[in-house]
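# Observations on chain architecture
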Amino acid sequence: MKEVISALEAASISYTTNTPLHTYTTWKIGGPCDLLVFPRTIEEVSLCVRTLKAAKRPWIVIGKGSNLLVSDEGFRGAVLRLSGAFDSATFGGDGVVAGAGFSLITLSLQAAKHGFIGLEFASGIPGTVGGAVCMNAGAHGSDISKILSQVIVMNAHGDLVTLQATDLLFGYRDSEIQHNPWIVLEATFSLSHGEPSVISEKTKMFKEKRVRTQPLKQHSAVCSEILYRCLQRL
Ligand SMILES: Cc1cc2nc3c(=O)[nH]c(=O)nc-3n(C[C@H](O)[C@H](O)[C@H](O)COP(=O)(O)OP(=O)(O)OC[C@H]3O[C@@H](n4cnc5c(N)ncnc54)[C@H](O)[C@@H]3O)c2cc1C
């Protein structure tokens, strides 16, 4: 990994080495990865991908680790965790453009406040936008495929590609992202307008149902504290 680390340092990209992944998964288990990298911009992700490819080192991208079971042996390669510019969302006339590192729960909450219908189902799903697109996350009869308009991904060459929702061939908790070496960077969701108080009420109802039916204060696949805190914010 020496050549990769040199490139990261030259570009001032944050990284750690030999990092246990148990702190990055909700199961709280998982051995170390060789390199954990925190790219903040598209340019930094591209540099990571190009450098890793040239060095013939494998990489994966993770979100909040709420759908990841990592072996005690860890991962021999680089784990990318998007940060910085990827942790934001911009609401406009027809919906929202969200960075892949943005919290899905926060996005749902903000959509309700902005008077947008469509993301209420996501108010209790503890992941990022990128992870949700990859997994076609869903609940309460809806899922990401119903609201996604397009995504910007980075391919294995470090190039940007814009894909329409139909290109992702969504299925139940499945998408083409899982079957290609693509890193989701940004997602555009088409939402319709509604009355903020009505949308917030529905969001709250979904939240209450989750609190009622899931043991959030006991050990589960999610870090109960994180999910509990997220739900408290709704
Ligand atoms: C208590 C609990 C409740 C849950 N409830 C639901 C539910 O109601 N509905 C539901 O659908 N799921 C649910 N999940 C599962 C999980 O929250 C979702 O699958 C979520 O979308 C995963 O997002 P993440 O950011 O944590 O992804 P991670 O777990 O970090 O990663 C999951 C997959 O996505 C990939 N990935 C992550 N980010 C990107 C990216 N930027 N680009 C490309 N690939 C990426 C990873 O490589 C990995 O393959 C629940 C999980 C827990 C623990």
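Residues numbered from 1 in each chain as written. Predicted model: local features only at pLDDT ≥ 70, side-chain atom pairs only at ≥ 80, totals over all residues. Heavy atoms only, no water.

Our next topic: the sheet that holds strand β2 (residues 32–38). With mixed pairing, four strands are arranged side by side in an open sheet as β1-β2-β4-β3. Unpaired on one side and paired on the other, β1 (14–20) and β3 (59–62) mark the two borders of the sheet. Looking at each pair of strands side by side, their axes are set apart by 30° on average, direction ignored. Here β3 runs beside strand β4 (residues 75–81); their pairing, made up of four bridges, is parallel. Counted as the bridge partner of V61 is L80 from β4. (Pairing = 2+ DSSP bridges. Helix = DSSP H or I, 4+ residues; strand = E, 2+ residues; numbered from the N terminus. Axes fitted to C-alpha atoms, helices over the stretch in contact; angles between N-to-C directions.)

Bringing a nonpolar patch on the surface into the picture now. Taken together, the side chains of W27, I29 and L69 present a nonpolar region at the surface, about 330 Å² in accessible area. Taking relative accessible area as the criterion, I29 reaches 37% and is therefore assigned partly exposed. (Patch = residues over 30% accessible without salt bridge, like charges linked within 9 Å, V, L, I, M, F, W, Y side chains within 5 Å. Areas by Shrake-Rupley, 256 points an atom, 1.4 Å probe, with all protein chains shown as cover. Salt bridge = Lys/Arg side-chain N within 4 Å of Asp/Glu carboxyl O. Buried < 20%, exposed > 50% of the residue type's maximum accessible area, 1.4 Å probe, protein only.)

Next up on the list: the environment of V37. Along the polypeptide, V37 turns up in strand β2. For the pair V37 and E3, spaced 34 residues apart in sequence, the C-alpha separation works out to 14 Å. Those residues in contact with V37, other than ones at most four positions away along the chain, are L8, I13, S14, Y15, C48, V79, L80 and R81. (Contact = heavy atoms within 4.5 Å.)

Moving on, we get to the side chain of T203. By secondary structure assignment, the location of T203 is in helix α5 (residues 196–213). Taking relative accessible area as the criterion, T203 reaches 4% and is therefore assigned buried. Among residues more than four places away in sequence, those in contact with T203 are S108, A112, E120 and S123.

With that settled, consider the environment of G131. Mapping G131 onto the fold places it in helix α4 (residues 129–135). Classification of G131 as partly exposed rests on a relative accessible area of 31%. Taking the C-alpha atoms as reference, G131 lies 10.0 Å from Q178; in sequence the two are 47 residues apart.

Attention now moves to the domain arrangement of the chain. The domain architecture assigned to the chain consists of domain 1 (2–84) and domain 2 (87–232). Here the C-alpha centroids of domain 1 and domain 2 sit 23 Å apart. With 19 residues of domain 1 in contact, the opposing surface of domain 2 contributes 21 residues. Here domain 1 meets domain 2 over a buried area of about 1,600 Å², counting both sides, of which 67% is carbon and sulfur. Its largest share of buried area at the contact with domain 2, domain 1 owes to T26, K64 and L82, together 28% of the area lost on that side. Seen at the junction of domain 1 and domain 2, the total is one salt bridge. A salt bridge links D159 to R50, with the nearest nitrogen and oxygen atoms 3.0 Å apart. (Domains from an automatic or database assignment. Buried area = accessible area lost by both parts, 1.4 Å probe.)

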